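An overview of the molecular structure
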Amino acid sequence: MPKPIVCLSERLRQFLELFRSCFSPRQWKYFVIVLLGLVECEERKTLSGMLRMIGEQVSLCGLSRFLNKWSWSPEKVTETWLCHFRQRLEASVQTEHARLKAQQPKRLGRPKQTVVTGFLIFDDSVHEKPKGRKMRGLERNPSNLMA
């Protein structure tokens, strides 16, 4: 069943708002459609497949133009995301560096530089997937327990 843009989860909506300054109002609508389509689409991730999942009246041609011809800057989108990502993780990374430095053995000379490794994981399991097959243990999904 097609899902209108107004059905975005609150967290996804807040995340997408970070990028509003990167697009014109017309481009913004297509940006939201592309990202919501990538999350919700259960079939192949094609433009027509995404449009079938989104209940907005936009054309395939318009979506294609948004991705190929309209003048928006992928670099600006990337920089916006990276800046937000760094701000959110800065305190955690500094805390982990301090913990690693405290664990280093005391030796003569310059201490080894600490390295903090992180992973970015996008989990779409909290989005409703009505066409999926029933699996054992499905009722124990953490997203079901958050309600």
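You'll find the structure just up there.
Below is a short write-up of the structure. Computed from a predicted model, the values in this text were never measured in an experiment.

**Overview of the packing of aromatic side chains**
Inspection of every chain in the model, using the stated rule, returns 11 aromatic pairs. With a centroid separation of 5.3 Å and 50 degrees between ring planes, the pair formed by Phe23 and Trp72 is classed as tilted. Here Phe23 is found in the loop between helix H1 (10–17) and helix H2 (25–40), whereas its partner Trp72 is found in the loop between helix H4 (60–68) and helix H5 (74–103), with 49 residues between them in sequence. With 6.1 Å between their ring centres and 20 degrees between their planes, Tyr30 and Phe66 make a pair best called stacked. Taken together, the positions of Tyr30 in helix H2 and Phe66 in helix H4 put the pair 36 residues apart, joining distant regions of the chain. Grouping residues by exposure puts Tyr30 and Phe66 together as buried. Taken together through their ring pairs, the aromatic side chains of Phe15, Phe19, Phe23, Trp28, Tyr30, Phe31, Phe66, Trp70 and Trp72 make up a single cluster.

**With respect to the environment of Met53**
Position of Met53 relative to the elements: it lies in helix H3 (residues 47–53). Expressed as a C-alpha distance, the spacing of Met53 and Leu36, which sit 17 residues apart in the sequence, is 8.8 Å.

**Regarding the environment of Phe15**
Inspection of the secondary structure assignment puts Phe15 in helix H1. Take Phe15: its relative accessible area is 30%, and that puts it in the partly exposed class. Along the primary structure Phe15 and His84 are separated by 69 residues, whereas in three dimensions their C-alpha atoms are 9.6 Å apart.

**Observations concerning the pattern of salt bridges**
Pairing of side chains with opposite charge becomes possible as their charged atoms draw close. This model, assessed by the stated rule, comprises 2 salt bridges. Linking Glu17 and Arg20 is a salt bridge whose minimum nitrogen-to-oxygen distance equals 2.9 Å. Take Arg20: its relative accessible area is 38%, and that puts it in the partly exposed class. The residue Glu96 makes a salt bridge to Arg99 at a minimum N-O spacing of 2.6 Å. Of this pair, Glu96 and Arg99 both sit in helix H5, 3 residues apart, which is roughly one turn of that helix. Classification of Glu96 as partly exposed rests on a relative accessible area of 25%.

**Examining the nonpolar core**
Grouped together as the largest cluster of nonpolar side chains are 19 residues, with contacts concentrated most on Phe23, Trp28, Phe31 and Phe66. Listed by contribution, the elements that provide at least two residues to this core are H1, H2 and H4. A total of 7 residues in this core trace back to one element, the largest contributor, which is H2. Not counting chain neighbours up to four residues away, the residues in contact with Phe23 comprise Trp28, Phe31, Phe66, Trp72 and Val77.

**A look at H4**
If you check which residues of H4 are buried, you get Gly62, Leu63 and Phe66. Down the axis of H4, the buried side of the element spans an arc of 100 degrees, and every buried residue falls inside it.

**Description of the packing of H2 against H4**
Axis separation between H2 and H4 bottoms out at 10 Å; the angle between their running directions is 100 degrees. Relative to H4, the element H2 is oriented roughly perpendicular. Facing H2, whose interface residues are Arg26, Gln27, Tyr30, Phe31, Ile33 and Val34, H4 presents Gly62, Leu63, Arg65, Phe66 and Leu67. Among the residues making up the contact of H2 with H4, the classes are represented as 7 nonpolar, 2 polar and 2 charged.

Calculation criteria
- Residues numbered from 1 in each chain as written.
- Predicted model: local features only at pLDDT ≥ 70, side-chain atom pairs only at ≥ 80, totals over all residues.
- Heavy atoms only, no water.
- Phe/Tyr/Trp six-rings, centres within 6.5 Å; stacked < 30°, edge-to-face > 60°.
- Helix = DSSP H or I, 4+ residues; strand = E, 2+ residues; numbered from the N terminus.
- Buried < 20%, exposed > 50% of the residue type's maximum accessible area, 1.4 Å probe, protein only.
- Salt bridge = Lys/Arg side-chain N within 4 Å of Asp/Glu carboxyl O.
- Core = buried A, V, L, I, M, F, W, Y, C linked by side-chain atoms within 4.5 Å.
- Contact = heavy atoms within 4.5 Å.
- Arc of directions from axis to C-beta.
- Axes fitted to C-alpha atoms, helices over the stretch in contact; angles between N-to-C directions.
- Parallel < 35°, antiparallel > 145°, perpendicular 65-115°, else oblique.
- Nonpolar A, V, L, I, M, F, W, Y, C, P; charged D, E, K, R; others polar.

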